[in-house]
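The lines below spell out each chain.
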Amino acid sequence: MIEVVKAFTLEHIRWLGPLEEEALREGKRVKVEGGKLEPEMRMIYDSVTKAARDANFWFLCDCLPDEPEQPVIVPFQIPGGISLRNRPNAPMPHDGGCVFRLRESLQGASGYFFNPLLHEPYDTQSKKGDPEGKPWSRTGRSVPPVAHVLKCFIQEARLHTLAGAERFPSPAEWLVELKNAAAAFPVAPKVPASEVLFTDPAVWRSDESRERLDERAQSWPKGPPPCGYLCWVAHDVEGHDINGENRDAGHVRVTSPVDSKFVYGNMVEGPYLFLGALEQCEDGSGWECCMAWAQPIASLELPFPVDSGYERRFMLSLAGRVRDLRGDRELEEALGGVAEFELRRPLFPEGVHGGSCVPDALLTVTRPGGPAPRARDDPFDDSDKARYVLEVMGLGDPEYEKSKEKTHPRMEQLGRLIRLEGRQFGSAHNGLEQQLERIARRIAKDLIWRWAES
Ligand SMILES: [Zn+2]
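So, here's what we can say about the structure. All residue numbers refer to position in the chain's written sequence, counted from 1. Per-residue local features of the predicted model are confined to residues with pLDDT of at least 70, and side-chain atom pairs are confined, for both listing and counting, to 80 or more; whole-chain, interface and lining totals are unaffected and use all residues.

Here, axes are lines fitted to C-alpha atoms. For helices the fit covers the stretch in contact, and angles between N-to-C directions go from 0 to 180 degrees. The helix count covers DSSP runs of H or I at least four residues long, the strand count covers runs of E at least two residues long, and both are numbered beginning at the N terminus. Relative orientation of the contacting elements helix H8 (residues 309-326) and helix H11 (residues 432-451) amounts to 35°, with a least axis distance of 10 Å. Here the hand of the crossing between H8 and H11 comes out right-handed. Listed contacts from H11 to Arg313, Phe314, Ser317, Leu318, Arg321, Asp324 and Leu325 of H8 are Leu432, Glu433, Leu436, Ala440, Ile443 and Ala444. Partitioned by chemical class, the residues of the contact of H8 with H11 number eight nonpolar, one polar and four charged. Should the near helix be turned anticlockwise from the far one by less than a right angle, the crossing is left-handed, and should it be turned clockwise, the crossing is right-handed. Residues are treated as contacting if the C-beta atoms built from their backbones sit within 7 Å of each other. Gly is placed with the polar residues, together with every amino acid not listed as nonpolar (Ala, Val, Leu, Ile, Met, Phe, Trp, Tyr, Cys and Pro) or charged (Asp, Glu, Lys and Arg).

To continue, consider the nonpolar core. The tendency in soluble globular proteins is for nonpolar side chains to be buried side by side. One finds Leu178, Cys231, Phe274 and Ala292 to be the most contacted residues of the largest nonpolar core, which totals 91 residues. An automatic or database domain assignment supplies the residue ranges for each domain. Mapped onto the domain boundaries, this core takes at least three residues apiece from domain 2 (143-296) and domain 3 (309-451). In this view, cysteine 231 contacts Leu175, Leu178, Leu197, Thr199, Leu273, Phe274 and Leu275; residues no more than four positions away in its chain are not counted. If you look at the next biggest cluster of nonpolar residues, it comprises 15 residues, including Ile2, Ile44, Ala52 and Trp58. To form a nonpolar core, buried Ala, Val, Leu, Ile, Met, Phe, Trp, Tyr and Cys residues must be joined through C-beta atoms within 7 Å. Any residue surrounded by 20 or more other C-beta atoms within 10 Å of its C-beta is treated as buried, while 12 or fewer makes it exposed and the intermediate range makes it partly exposed; C-beta atoms here are placed from the backbone.

For the rest of this paragraph, the subject is the sheet that holds strand S11 (residues 241-242). Any two strands are treated as partners once DSSP identifies two or more bridges connecting them. On the basis of which strands lie adjacent, the open sheet formed by three strands has the order S10-S11-S12 and antiparallel pairing. This sheet does not close on itself; its edge strands, each paired only once, are strand S10 (237-238) and strand S12 (252-253). The pairing of S11 with S12 spans two bridges and is antiparallel. Considered in S12, the bridge of isoleucine 242 is made with valine 252.

Turning our attention to the environment of valine 322. With respect to the helices and strands, valine 322 occurs in helix H8. Its 21 C-beta neighbours within 10 Å are what place valine 322 among the buried residues. The spatial distance from the C-alpha of valine 322 to the C-alpha of leucine 436 is 9.8 Å, given a sequence separation of 114 residues. Leave out the neighbours within four places in its chain, and valine 322 touches Leu162, Phe341, Leu343 and Leu363.

Further remarks concern the environment of aspartate 259. Checked against the element boundaries, aspartate 259 lands in strand S13 (residues 259-260). Taking the C-alpha atoms as reference points, aspartate 259 and valine 237, 22 residues apart in sequence, are found 8.9 Å from one another.

A few words now on the sheet that holds strand S9 (residues 228-234). The strand order across the open sheet built from five strands is S8-S9-S16-S17-S13, with neighbouring strands paired in mixed fashion. The open sheet has two free edges, formed respectively by strand S8 (197-198) and S13, since each of these has just one partner strand. Note that strand S16 (residues 272-280) and strand S17 (residues 287-296) share nine bridges and pair antiparallel. Opposite glycine 276, over in S17, you have alanine 292 as the bridge partner.

Note that every value here comes from positions in space, so none of it alone points to a role or purpose.
This is the structure:
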């Protein structure tokens, strides 16, 4: 059943009736596939979505009943009615078969395309800092750079969550998942990115991939130009080369310099997950990689995007601590069952009252035995879930730190804010591991205080 909730706080309002639910699903389906709603359904769709829009309510989808969080559907005013959309930074994407997962832009040329060739490659020479810092317009025609597209794929595949990443024992397996996730992002009308995405270097080395791209390009719809994507693990990146030193891992020569993350002028070390854009050679004789972004990831087992070596250390240690908490027998006994721990590395700003914020990490714990009556006094602390926001201080430049300070009140809306002292990560008495150990104890205590069976 679809639930009506308050925006942001997700406080329960009511459940939709069967007819209302059908109207929402049908309404979404015709927006994606074309066609018209029956007049009666149209009326129900309009009244339900308008009432929700006016009251600033969202809907929670029911396509993932076993997950600790439900995907959010936001009623969005467009000319001529209300459309049902997902938050651009949705922490929880829908199930693969869910109609609300689909983007309405799939249907026509008026939509938004994740086609890298529509976007001017950013200038790596004059670039100061971070290409992702460059805002991309959600309303304009500009298409985000490959760095942004890669994050979209990662998020859709849920590889930015510990629970999501742990489903796969090796990169080959999570790359398959990433490819599946790319189905949600069209590069042209009715062409999902997954159709032109290659995640196996062996396929790219053979002629098979070019033949497939040629074939697809012949029946390419009007609109954005034919394109393709390459995506796999990069162990080294230098100039125009990906895996130049590790050719067996899939060497790619890019026609423009490969871009990546820099800290104080130094490129962050690998491993990376790269996304390269393919375009047809000018003489039509084949395909070449024209731009690529190498995103540093925590490790081959944990493809969380990281922005620095420090952050990599932090993420790997934190993941270890969360696994410890999961397996903590004493905690299990005190809580009367196994709590679920979901660690997430947010990739896009989280929308909250007063703006947005991007915390370093979010930990959501779900009470053993599932939902219980909700506490009214603290909407973010619904009684079956506890959320913790982890922030590492002192690693960026002063200006960056200042802006972080400003967003901390916003982060407190997402959960209990826990700060780490990044400058002391290497110290003997307050190093990273010691800080995390204290935090894990604090979280365990907090959970017991909230939920222990008395
Ligand atoms: Zn859904």
